[in-house]
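# An overview of the molecular structure
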Amino acid sequence: MTTPATQSPPQLTPRAIILSIVLAMILVAANTYLGLFAGLTIATAIPAAVVSMAVLRAFGGGHILENNIVQTGASAGSSIAAGVIFTLPALVLLNYWDDFRYSWVLAIAGLGGLLGVLFSVPLRRSLIVEQKLAFPEGKAAAEVLKAGENPGPGIKLLGGASALGGLAKLLAASGLRVMPDSAAHASYAGSSIAYIGTNLSPALLGVGYIIGLNISIVIVAGGILSWNIAIPIYSALFLDGNPELSARLANADAETAAFAIWSSQIRYLGVGAMLVGGIWTLISLRHSLLSGVRSGLAAARAGAGALVAETERDLPMKAVLVGLVAFTIPLAALYQAIVNDFTVSLPMTLIMIVAGFLFSSVSAYMAGLVGSSNNPVSGITLGTILFASLVLTALLGSNAASLGPIAAIMIGAVVCCAAAIAGDNLQDLKCGYMVGATPWRQQVMLAIGALSCALIMAPLLNVLNEAYGIGPPTEAHPKSLLAPQATLIASVAKGLFGGELPWDLIWIGAAVGAAIIVLDEILKKRGSNFRTPVLAAAVGIYLPLDLTIPIFIGGILAHLVERAVAHPTNPDATERLHRGGVLFSAGLITGEALMGILLAIPIFVTKNADILALPEAWNFGELVGLAIFAVVGWILYRVAVKGATSSS
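These remarks concern the structure in this document. Quantities reported herein were computed from a predicted structural model and do not represent experimental measurements.

## Points about the pairing of strand S2 (residues 192-199)
With 6 of 8 residues buried, S2 is to be regarded as a mostly interior element. In terms of strand pairing, strand S1 (residues 182-189) meets S2 through 8 bridges, oriented antiparallel. Residue serine 182 lies in a different strand from S2, and its bridge partner there is asparagine 199. Linkage of S1 to S2, two consecutive antiparallel strands, is achieved through a turn of 2 residues, within which glycine 190 is found at a positive phi near 70 degrees.

Okay, here's the thing in C-alpha cells:
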C-alpha cells in the first residue's frame, strides 16, 4: 500500500543507507564489467528492491518507504558505471593517462553524479506528476515493492542465477578455460568474407531478456548490417583501395580479416548513426523539454513559501543553486589544470554546465519514454564532445591537436555522468511517487549512492585494465574488454582535432541513421507496436556481431515466455509476467560480472593471464560451450514461464 502524504514513516534510516551503499558498490562493479564487455548497462532497481526487502525484514525493518530508499541509492550503480566507462577509458586509450587516476576519476564521477541529481530536481513535477511519463523501471520497482510480502522466492532466484552466471564465467577463457568465450566461424567467399558467431555469455542472454524482443531485434539487425553486409562489401570492393590495410591482411585468416576491417573501418558507420540519433533526440524533444523545465521551475518558485505535502517536497531550489556553484568550482579547477588557460577553462566549464543541464533533461525524458536501460546516454555524450570540439578548436589555437581531445572528453565525461544519473533519478522518483515517498529524501540518497560508487571506480577500472585490457585487442590482451563507447569517443575526439577519420563511412552511417529514423516515424504514425530506435541500431552496428547474437536470443526467450502464457495487453500485467525472468536475468548478469572481477584479482596480482587456466586437455572446445549456453537459456526460459504462470 502507498503511504498517505500526511504521514512520514522512517525512510533515510542508518540501516537503509548502509545497505544501499553496499548494494550500490556491488552493482556498480557488475555494470562496469558488463558495460566494458558489451557496451550496455542495465537498470538495477528491481534486484536491489528484492534484496532490500529480504535483508531489512531480517533486521526488523522493511517498510515500503525504507525499501524504496535502498533501491534508490543502489540504482546509482548502473548510472555511475555508464557515465564513467563510456568516457574515461578514452583517456587511457589516447595515452593521456597510464592508468585511471583516483582523484580525477572520483572528481568527475562524483561531482558529475551530484550535478545530475541537482539538474533533475526541477524536472520531477513536470515529467512525473504533470506529463505522467511511463518510466518503466520505476513503475516495475514500485510494483515489486508493493508486492513485497514474500521476497524469499525472489532472493532464491537472484542467488541461484548469480551462481549459474558466475560458474559459466569461471569455466570460460578468462578462468579455468574449460570452454571458450565464443563460438565463431569465418571463411572467404571469393574476395568477400562470410562471418557468423555467438558469444557464450549468460549475462548477454539476461540483457536480451530484460530489454525484450523489439530492442534486441534492432540491435542484432545493426550487427547483421555491419558484419554480414558492410564487411563483405568492403572486403570485395574497397579493400584494394586501402593499401595499408590490404597489406596487413594479405595472409590473414578470414576471422582476423573480418575483425580488422570492422575495427578500422566499418564500426564508423555506427559513429555516424549515433551522431544523427543524438541530434534527432534533441530535435524531437525540444518542445517537451522546454515546457518541462519551465513548469518545474515555476512549481519550485510557487512552493518556496507554501506548505507542501511530504510527497511533493523536493530539495529546495536555493540548496540546488548553492550546490551547483559548489560542485562546479572544483570541476573548473580541474579543467584549468588541463589547459592552464582561464580563457579556455572558463568556456569549458560553461559548456559543461549548459550541456549538462540540457542533456540531463533529454536523459530524464528519454528514461520516461523507453527506460534507463535503453537511454541514449552514449549518443548524448557524442553530441556534447562534437559541440565542445568545435568551440575548443577556436579557443586552443596551436594547442588544439594535443589538448583538444582531452579537454573535450573531460567535458563529455561530466555530462555523461550527470545525464545518466538524471535519468536514473527520475526513474526512482517515479517509483517513490507511486508508493508515497518523500522526493528530497530520495534525491539525497541518490547523491550518497553516486558518491559511494565514485569512490571505487578508479581501482576497479585499474584491476580490469591490468587483468583483461580495456579497448581494442592487443598482443598482451587478445581477449580484452572492448569498451565500445569509450573506444568510439577516443577515435572521434582525436579525429576532430586533426586526426584521421573515415569520414566517408561516417557520412554513410549518418545516412543509414536517417533512414532508420524515417522508418521509425512511419511505424509510429501507423501505431505499430514494433519500433526502430536509431541508437539501438547504432550500438548494434558498432558492436561485434558475436555480442549481439546472445542478446537477440535473450529477446526471443522473453517473447516465447509471453507466448507460453496468456499474454496480457495491460503493460503493468506484462511487467508482472516477466518479473521472475527479469530477476533471473539480473542474477545471471550480476554473477558473471562479479566472477569476472574476482578472476581479475589474481591476474592483476601475479601479472599472469594464465594463472587459473587448467591444462590444455581440459579445454573441451566450442561444442561444450554451446551446450552450457543452451542449458542456461533453457533454465532461464523455464524459470520465466513458471514465474509468469504464477503471476497471471
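Next, the rest of the story.
## Digging into the state of the cysteines
Every disulfide links exactly two cysteines, by a covalent bond between their sulfur atoms. Inspection of every chain in the model, using the stated rule, returns 0 disulfides. For cysteine 416, which is in no disulfide, the shortest distance to another cysteine sulfur is to cysteine 417 and amounts to 6.0 Å. Note on cysteine 431: no disulfide assigned, nearest cysteine sulfur contributed by cysteine 453 at a separation of 18 Å. For cysteine 431, a relative accessible area of 1% gives the class buried.

## Examining helix H13 (residues 317-339)
In a regular helix each residue adds 1.5 Å, so 23 residues correspond to 33 Å; H13 covers 33 Å between its end C-alpha atoms and thus fits that length. Those residues of H13 lying buried are Val320, Gly323, Leu324, Thr328, Leu331, Ala332, Leu334, Tyr335, Gln336, Ile338 and Val339. Positive backbone phi, at 55 degrees, marks asparagine 340, one or two positions downstream of H13.

## Describing the environment of alanine 90
Within the secondary structure layout, alanine 90 lies in helix H5 (residues 89-93). A sequence separation of 396 residues divides alanine 90 from alanine 486, and the C-alpha atoms of the two residues are 5.0 Å apart. If near-sequence neighbours (up to four positions away) are discounted, alanine 90 is found in contact with Ile409, Ala486, Ile489 and Ala490.

## Notes on the packing of helix H2 (residues 45-58) against helix H23 (residues 579-606)
The geometry of H2 relative to H23 is characterised by a closest axis approach of 9 Å and an angle of 95 degrees between their N-to-C directions. One finds that H2 runs roughly perpendicular with respect to H23. Together, Ile46, Pro47 and Val50 of H2 and Val582, Leu583 and Ala586 of H23 make up the contact between the two elements. Here the contact of H2 with H23 is composed, by residue class, of 6 nonpolar, no polar and no charged.

## Thoughts on H23
With 28 residues, H23 extends 41 Å from end C-alpha to end C-alpha; this agrees with the ideal 40 Å at 1.5 Å per step. For H23, the buried fraction is high: 20 of the 28 residues fall into the buried class. In the segment just after H23, lysine 607 is the residue with positive phi, at about 60 degrees.

## Brief notes about the pattern of salt bridges
Any two side chains of opposite charge can pair, so long as their charged atoms come close to each other. Under the counting rule described, the total for this entry stands at 2 salt bridges. In this structure, the salt-bridge partner of glutamate 66 is arginine 15, at a minimum N-O distance of 2.7 Å. Here the residue glutamate 66 occupies a position in helix H3 (residues 64-74), and arginine 15 occupies one in helix H1 (residues 14-38), the gap between them amounting to 51 residues. Under the relative-accessibility criterion, arginine 15 is labelled partly exposed at 36%. Salt-bridge contacts for aspartate 520 lead to arginine 531; the nearest nitrogen and oxygen are separated by 2.9 Å. Within this pair, whereas aspartate 520 is found in helix H19 (residues 503-525), its partner arginine 531 is found in the loop between H19 and helix H20 (534-542), the two being separated by 11 residues in sequence. For aspartate 520, a relative accessible area of 12% corresponds to the buried category.

## Description of unusual backbone geometry
Positioned with a positive phi, asparagine 340 is a non-glycine residue whose angle comes to about 55 degrees. Mapped onto the elements, asparagine 340 comes out in the loop between H13 and helix H14 (342-370). Positioned with a positive phi, alanine 483 is a non-glycine residue whose angle comes to about 45 degrees. Structurally, alanine 483 is set in the loop between helix H17 (439-467) and helix H18 (484-496).

## A few points about the packing of aromatic side chains
Counting across every chain of the model gives 11 aromatic pairs. Residues tyrosine 234 and phenylalanine 238 carry aromatic rings whose centres are separated by 6.2 Å and whose planes lie at 35 degrees to one another, so their mutual orientation is tilted. Of this pair, tyrosine 234 and phenylalanine 238 both sit in helix H10 (residues 202-238), 4 residues apart, roughly one helical turn. Taking the centre distance of 6.2 Å and the plane angle of 80 degrees together, the rings of phenylalanine 259 and tryptophan 262 count as edge-to-face. With phenylalanine 259 and tryptophan 262 both in helix H12 (residues 254-302) and 3 residues apart, this pair spans about one turn of that helix. Here tryptophan 262 falls in the buried class, since its relative accessible area comes to 9%. Positioned over the ring face of tyrosine 96 is arginine 101, at 5.9 Å from the centre of the ring. Directly above the ring of tryptophan 104 sits arginine 101, whose terminal nitrogen or CZ lies 5.8 Å from the centroid.

Conventions and cut-offs
- Residues numbered from 1 in each chain as written.
- Predicted model: local features only at pLDDT ≥ 70, side-chain atom pairs only at ≥ 80, totals over all residues.
- Heavy atoms only, no water.
- Buried < 20%, exposed > 50% of the residue type's maximum accessible area, 1.4 Å probe, protein only.
- Helix = DSSP H or I, 4+ residues; strand = E, 2+ residues; numbered from the N terminus.
- Pairing = 2+ DSSP bridges.
- Disulfide = S-S within 2.5 Å.
- Expected span 1.5 Å × (residues − 1).
- Contact = heavy atoms within 4.5 Å.
- Axes fitted to C-alpha atoms, helices over the stretch in contact; angles between N-to-C directions.
- Parallel < 35°, antiparallel > 145°, perpendicular 65-115°, else oblique.
- Nonpolar A, V, L, I, M, F, W, Y, C, P; charged D, E, K, R; others polar.
- Salt bridge = Lys/Arg side-chain N within 4 Å of Asp/Glu carboxyl O.
- Phe/Tyr/Trp six-rings, centres within 6.5 Å; stacked < 30°, edge-to-face > 60°.
- Lys NZ or Arg CZ within 6 Å of the ring centre and 35° of its normal.

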